[in-house]
Amino acid sequence: QVQLVESGGGLVQAGGSLRLSCAPSGHILSTYGMGWFRQAPGKEREFVACIMWSDGSTDYADAVKGRFTISRDNTKNTVELQLNSLKPEDTAVYYCAAGVITGYAYSLSRRYAYWGQGTQVTVSS
C-alpha cells in the first residue's frame with residue numbers, strides 16, 4: 001500500500017513559478033510510474049507529467065511542455081514538479097499518483113492505483 005502526500009501549492013501571478021512536491025510512503029515498486037494530474041472546477045482530470053521510478057524517463061502533456069519539469073529528489077525521496085511561466089489556465093488542484101505504467105499508458109488516470117489528496121495551485125491574471 002502506497003500513500004502520497006502533495007505540498008507546495010499556492011497563489012501566484014501569471015508568469016510566476018511554483019514547486020510541488022510528492023512524498024510517497026509504503027512500498028514503491030521499481031515498475032511504478034509517478035504522475036502528476038490536475039483538475040480544474042467543472043473540468044475532467046488532466047494528465048500533466050510523469051516520471052518512471054526506475055530509470056527517470058519523463059513524459060509531459062503538450063500544454064505544459066517547456067514550462068513544467070518533473071524530477072526525482074533522491075535526498076528526500078520525493079517527486080517534484082517545477083511549474084514555470086504559469087498561466088491562469090494552469091489553475092487547478094494538482095494530484096500526485098503512482099501505479100504500474102507500461103507502454104504509452106502514462107497519461108491514463110485509470111492506470112494509477114494510488115493518489116494523493118491534492119494541492120491547490122491558483123494563478124491570477
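Note that the coordinates shown come from a computational prediction; the quantities given were computed from them, not determined experimentally.

**Re the overall build of the protein chain**
Here is step 1 of the chain: Across its full length, the protein chain holds zero helices and eleven strands.
Here is step 2 of the chain: Ordered by position from the N terminus, the helices and strands of the protein chain form the series β-β-β-β-β-β-β-β-β-β-β.
Here is step 3 of the chain: The C-alpha radius of gyration computed for the protein chain amounts to 13 Å, which stays within 12% of the reference 14 Å derived for 125 residues, consistent with globular compactness.
Here is step 4 of the chain: Residues counted as buried form 45% of the 125 residues belonging to the protein chain.
Here is step 5 of the chain: Put simply, 57% of the contacts in the protein chain that link residues at least 6 apart link residues at least 24 apart.
Here is step 6 of the chain: Surface accessibility of the protein chain: about 6500 Å² in total, with carbon and sulfur atoms responsible for 47%.
Here is step 7 of the chain: For the protein chain, the distance from the average position of its 11 positive side-chain charges to the average position of its 10 negative side-chain charges is 1 Å.

**So, the side chain of Thr 119**
Here is step 1 of the chain: Along the chain, the position of Thr 119 falls in strand 11 (residues 119-124).
Here is step 2 of the chain: For Thr 119, a relative accessible area of 11% puts it in the buried group.
Here is step 3 of the chain: Side-chain polar atoms of Thr 119 contact the backbone nitrogen of Gly 9, separated by 3.1 Å.
Here is step 4 of the chain: Not counting residues within four places of it along the chain, the set of residues in contact with Thr 119 comprises Glu 6, Ser 7, Gly 8, Gly 9, Leu 20, Ala 92, Val 93 and Tyr 94.

**Some remarks on the pattern of salt bridges**
Here is step 1 of the chain: Scanning the model with the defined rule gives six salt bridges in all.
Here is step 2 of the chain: Between Glu 46 and Arg 38 there is a salt bridge, with its nearest N and O atoms 3.0 Å apart.
Here is step 3 of the chain: Residue Arg 38 is classed as buried on the basis of its relative accessible area, which comes to 6%.
Here is step 4 of the chain: Overlapping salt bridges bring together Arg 38, Glu 46, Arg 67 and Asp 90 as one network.

Here is what the cut-offs are and how they apply
Residues numbered from 1 in each chain as written. Predicted model: local features only at pLDDT ≥ 70, side-chain atom pairs only at ≥ 80, totals over all residues. Heavy atoms only, no water. Helix = DSSP H or I, 4+ residues; strand = E, 2+ residues; numbered from the N terminus. Rg over C-alpha atoms; globule rule 2.2 N^0.38 Å. Buried < 20%, exposed > 50% of the residue type's maximum accessible area, 1.4 Å probe, protein only. Contact = heavy atoms within 4.5 Å. Areas by Shrake-Rupley, 256 points an atom, 1.4 Å probe, with all protein chains shown as cover. Lys, Arg positive; Asp, Glu negative; His and termini not counted. Charge placed at Lys NZ, Arg CZ, Asp CG, Glu CD. Polar contact = N/O pair within 3.5 Å; in protein donor to acceptor, adjacent residues only side chain to side chain. Salt bridge = Lys/Arg side-chain N within 4 Å of Asp/Glu carboxyl O.

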